[in-house]
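# Remarks on the overall topology
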Amino acid sequence: MPEYEFVDVYVPRGVSRRETARLLTDHAEYGHWELYRLTLMRDGSRRVRLRRRIIRQVRATW
């Protein structure tokens, strides 16, 4: 089963959907993150949880 690491991003309520999409796109492109969960709060802010796969290097034995 793959292992993941997570990061939470808080987007305040004054940020537009377009700016939020641009922010998440930058995270995806440059940090190799993918969207795991997006929660829209009652006050209009967003809590975004991103994840990326942890790739473990297997040590070679000679």
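An unreviewed UniProt entry lists the chain under the name Dihydroorotate dehydrogenase, from Streptomyces capillispiralis.

### Some thoughts on the sheet that holds strand E3 (residues 46-54)
The sheet built from three strands is open, its strands ordered E1-E3-E2 with antiparallel pairing. Only two strands of the sheet have a single neighbouring strand rather than two, namely strand E1 (3-11) and strand E2 (34-40). Averaged over all pairs of adjacent strands, the angle between their axes in this sheet comes to 20 degrees, without regard to strand direction. Summarising the sheet, E1 and E3 pair through nine bridges and their orientation is antiparallel. Bridge pairing in E3 links valine 11 to arginine 46.

### Comments concerning the pattern of salt bridges
One pass over the structure, following the stated rule, counts four salt bridges. Salt-bridge contacts for arginine 56 lead to glutamate 3; the nearest nitrogen and oxygen are separated by 3.1 Å. Pair noted here: arginine 56 is in the segment after E3 and glutamate 3 is in strand E1, with a separation of 53 residues, a long-range link. Relative accessible area serves as the criterion here: at 41%, glutamate 3 is assigned to the partly exposed category. Two residues, aspartate 8 and arginine 49, come together in a salt bridge whose shortest N-O distance is 2.8 Å. Residue aspartate 8 is located in strand E1, and its partner arginine 49 is located in strand E3; the two are separated by 41 residues in the primary sequence.

### Details of the nonpolar core
In terms of nonpolar packing, the biggest core is built from six residues, these being Val9, Val11, Leu24, Trp33, Val48 and Leu50. Looking at this core, the elements that each hand over two or more residues are E1 and E3. Ignoring sequence-local partners within four residues, the contact set of valine 9 consists of Leu23, His27, Arg46, Arg47, Val48 and Leu50.

### Here's the deal with a nonpolar patch on the surface
A cluster of nonpolar side chains, namely Leu35, Leu38 and Leu40, defines an oily patch on the protein surface of about 310 Å² accessible area. For leucine 38, the position within the fold is in strand E2.

### Description of the packing of aromatic side chains
Counting across every chain of the model gives one aromatic pair. Note on phenylalanine 6 and tyrosine 36: the rings are 5.2 Å apart at their centroids and 65 degrees apart in plane angle, and the pair reads as edge-to-face. Residue phenylalanine 6 is located in strand E1, and its partner tyrosine 36 is located in strand E2; the two are separated by 30 residues in the primary sequence. On the accessibility criterion, tyrosine 36 (38% relative accessible area) is partly exposed. Here arginine 51 stacks its cationic end above the ring of tyrosine 4, 4.1 Å away from the centre of that ring.

Conventions we followed
By convention here, each chain's residues receive numbers from 1 onward along its written sequence. Where local features are concerned, this predicted model is filtered to residues with pLDDT of at least 70; where side-chain atom pairs are given and counted, the filter is 80 or more; whole-chain, interface and lining totals use all residues. In computing side-chain properties, one takes all heavy atoms of the structure into account and sets aside hydrogens as well as water. One requirement defines pairing of two strands: DSSP has to find at least two bridges between them. Secondary structure follows DSSP: runs of H or I at least 4 residues long count as helices, runs of E at least 2 residues long count as strands, and numbering of each begins at the N terminus. For helices, the fitted line uses only the C-alpha atoms of the stretch in contact; every axis is such a line through C-alpha atoms, and the angle between N-to-C directions lies from 0 to 180 degrees. Should a side-chain nitrogen of Lys or Arg be within 4 Å of a carboxyl oxygen of Asp or Glu, the pair is scored as a salt bridge. Note on classification: 1.4 Å probe, protein chains only; a residue is buried when its accessible area is under 20% of the maximum for its type, exposed when over 50%, partly exposed between these limits. To form a nonpolar core, buried Ala, Val, Leu, Ile, Met, Phe, Trp, Tyr and Cys residues must be joined to one another through side-chain atoms within 4.5 Å. Two residues qualify as a contact provided that any one of their heavy atoms is within 4.5 Å of a heavy atom in the partner residue. Each patch is built from residues lacking any salt bridge and having more than 30% relative accessible area; the joining distance is 9 Å for like charges and 5 Å for nonpolar side chains (Val, Leu, Ile, Met, Phe, Trp, Tyr). To measure how exposed things are, a 1.4 Å probe is used in the Shrake-Rupley method; for residues, cover is taken only from the protein chains shown. When two rings of Phe, Tyr or Trp (its six-membered ring) have centres within 6.5 Å they constitute a pair, described as stacked for plane angles under 30 degrees, edge-to-face for angles over 60, and tilted for the intermediate range. Put simply, a charge is over a ring when the Lys NZ or the Arg CZ is close to the ring centre, within 6 Å, and near the line of the ring normal, within 35 degrees.

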